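# Observations on the model geometry
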Amino acid sequence: MAEIFVIYYHKILPKWGFDVFYKTFDLEIRILKSLYKIVTLDEIYYYIKEDKRPDKPSIAITFDDGYADNYIYAYPILKKHKVKATVFPIVSRILKKDLVRPSIEDYWNNKVSFQELYKPKTMAQANLEFLRNGESEDFLTVEELNKIKDIFEIGGHGSVHSRVFYGENIIDFYDGKNGHWSFLYAYEEEPVIGFPILESKNNISVNRSFIKKEVKDFIKSLDKYFFNQKNWKEKLKELINKNFQSIVIKETDEERRLRIKKEIEESKNQLENLIGKKIRHFAYPFGHYDDLSINVVKEFFDTAFTTEKSSLSKNTDLHKIPRFAIPKDISSFLAVLLKAKL
């Protein structure tokens, strides 16, 4: 039986850096096309649903979040090789602008210089910019999203896409260096030195814990010299335990079910309205899920994709389809292909 698996990318870059270089991506697509049948997620659905296998090793290519570079660098390369893929954009991040930026295809055709092409931000920079300003130019515009539909199938990825706290176990305190971009969403304000860091996952996969206002106010009231002590984190934990029986307000199962059902349904409807087409497939943000989120996603999507590393089998759950992440260097890419065969 031929193997079949799914891979995912995030960003494609104009130079070597924090993610996949566009020339590396071009080489990877040529390798994939020579070794595999490139299939769509509709075909993945069929293979699992009907317990079928393709006649040769097959692979589906996906992109998460919907960054501008997916249009500027990835799309022309995929189109050049006549290879289909799927993008899962975060619907809130899509730029509601009548704008199509120059792509590398325009550079190939001598319409723009390479320096004129958009230079991508890191994922952290892009998402933090969105949380602070309500938009970021690092994400696809509506026009760009529609322009790529000849190559890219569009899937759902929710609208919040931020980690949130759950439980109330303090695992650390924010010190200005140990934060995550989504802390701005988790704290419901800019993080302050001394704010407790709790365990966190994507917002649809856990019952959210909101740190109480009085706890945050208490920390803000501490003298700045308090945080100059070498052991300020230990002392702060003692103070919090002494002054507060509980530091969070916990969301109930029903509150979360209603919250995430609203997000999943509304984000799906918004995305379908933007592209004028029904969408069938969903990717769990950060790959996080649990039974409750799976059951909600099942109401709206035929399939859902995780970030677990495995090939497909006859027992693969339609709403827990694994995917392999593609690292930034070609040797690691080849190692992923080898692992998928095992």
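Refer to the structure above for everything that follows.
Residues numbered from 1 in each chain as written. Predicted model: local features only at pLDDT ≥ 70, side-chain atom pairs only at ≥ 80, totals over all residues. Heavy atoms only, no water.

Here we come to the packing of aromatic side chains. Counted by the stated rule, this structure contains 27 aromatic pairs. Relative to W232, the ring of F173 has its centre 6.3 Å away and its plane inclined at 55°; by these criteria the two rings are tilted. Here F173, found in strand β8 (residues 163-173), pairs with W232, found in helix α9 (residues 232-243); they are 59 residues apart in sequence, far enough to count as distant. One aromatic cluster in this structure is built from W16, F21, Y22, Y73, Y107 and F114. Geometry around F286 places R163 over its ring, the cationic atom sitting 5.7 Å from the centre. (Phe/Tyr/Trp six-rings, centres within 6.5 Å; stacked < 30°, edge-to-face > 60°. Helix = DSSP H or I, 4+ residues; strand = E, 2+ residues; numbered from the N terminus. Lys NZ or Arg CZ within 6 Å of the ring centre and 35° of its normal.)

Okay, the environment of I219 next. Within the secondary structure, I219 sits in helix α8 (residues 213-221). Sequence-wise, I219 and G194 are 25 residues apart; in three dimensions their C-alpha atoms are separated by 6.3 Å. Among all residues touching I219, those that are not within four sequence positions of it are I193, G194, F195, P196, F227, L236 and I240. (Contact = heavy atoms within 4.5 Å.)

Glancing now at the pattern of salt bridges. Scanning the model with the defined rule gives 27 salt bridges in all. Its salt-bridge partner being E105, residue K79 comes within 3.0 Å of it at the nearest N-O pair. Here the residue K79 occupies a position in helix α3 (residues 68-80), and E105 occupies one in helix α4 (residues 104-108), the gap between them amounting to 26 residues. Among the residues examined, E105 registers a relative accessible area of 27% and is labelled partly exposed. Notably, a salt bridge pairs K121 with E129, separated by 3.9 Å at the nearest N-O pair. A single salt-bridge network, built from bridges that share partners, covers K11, D69 and D138. (Salt bridge = Lys/Arg side-chain N within 4 Å of Asp/Glu carboxyl O. Buried < 20%, exposed > 50% of the residue type's maximum accessible area, 1.4 Å probe, protein only.)

Mapped onto the elements, H81 comes out in the loop between α3 and β6 (85-89). Among the residues examined, H81 registers a relative accessible area of 11% and is labelled buried. Side chain to side chain, H81 and D26 meet in a polar contact 3.4 Å long. Discounting chain neighbours no more than four positions away, the residues touching H81 are D26, I29, R30 and K33. (Polar contact = N/O pair within 3.5 Å; in protein donor to acceptor, adjacent residues only side chain to side chain.)

All right, on to the pairing of strand β5 (residues 58-65) then. Burial within β5 is extensive, with eight of its eight residues counted as buried. When strand β1 (residues 4-9) meets β5, the two strands line up parallel, connected through six bridges. Directly across from I7, in β5, lies its bridge partner I61. After leaving strand β4 (residues 37-38), the chain enters helix α2 (residues 41-49) and then returns to the sheet as β5, a path that is right-handed. The sheet contact formed by β5 and β6 spans four bridges and is parallel. Opposite D64, over in β6, you have F88 as the bridge partner. Note that the unit made of β5, α3 and β6 has a crossover that is right-handed. (Pairing = 2+ DSSP bridges. Right-handed = clockwise from strand over helix to strand, strands pointing away.)

So yeah, pure geometry; function would need other evidence.
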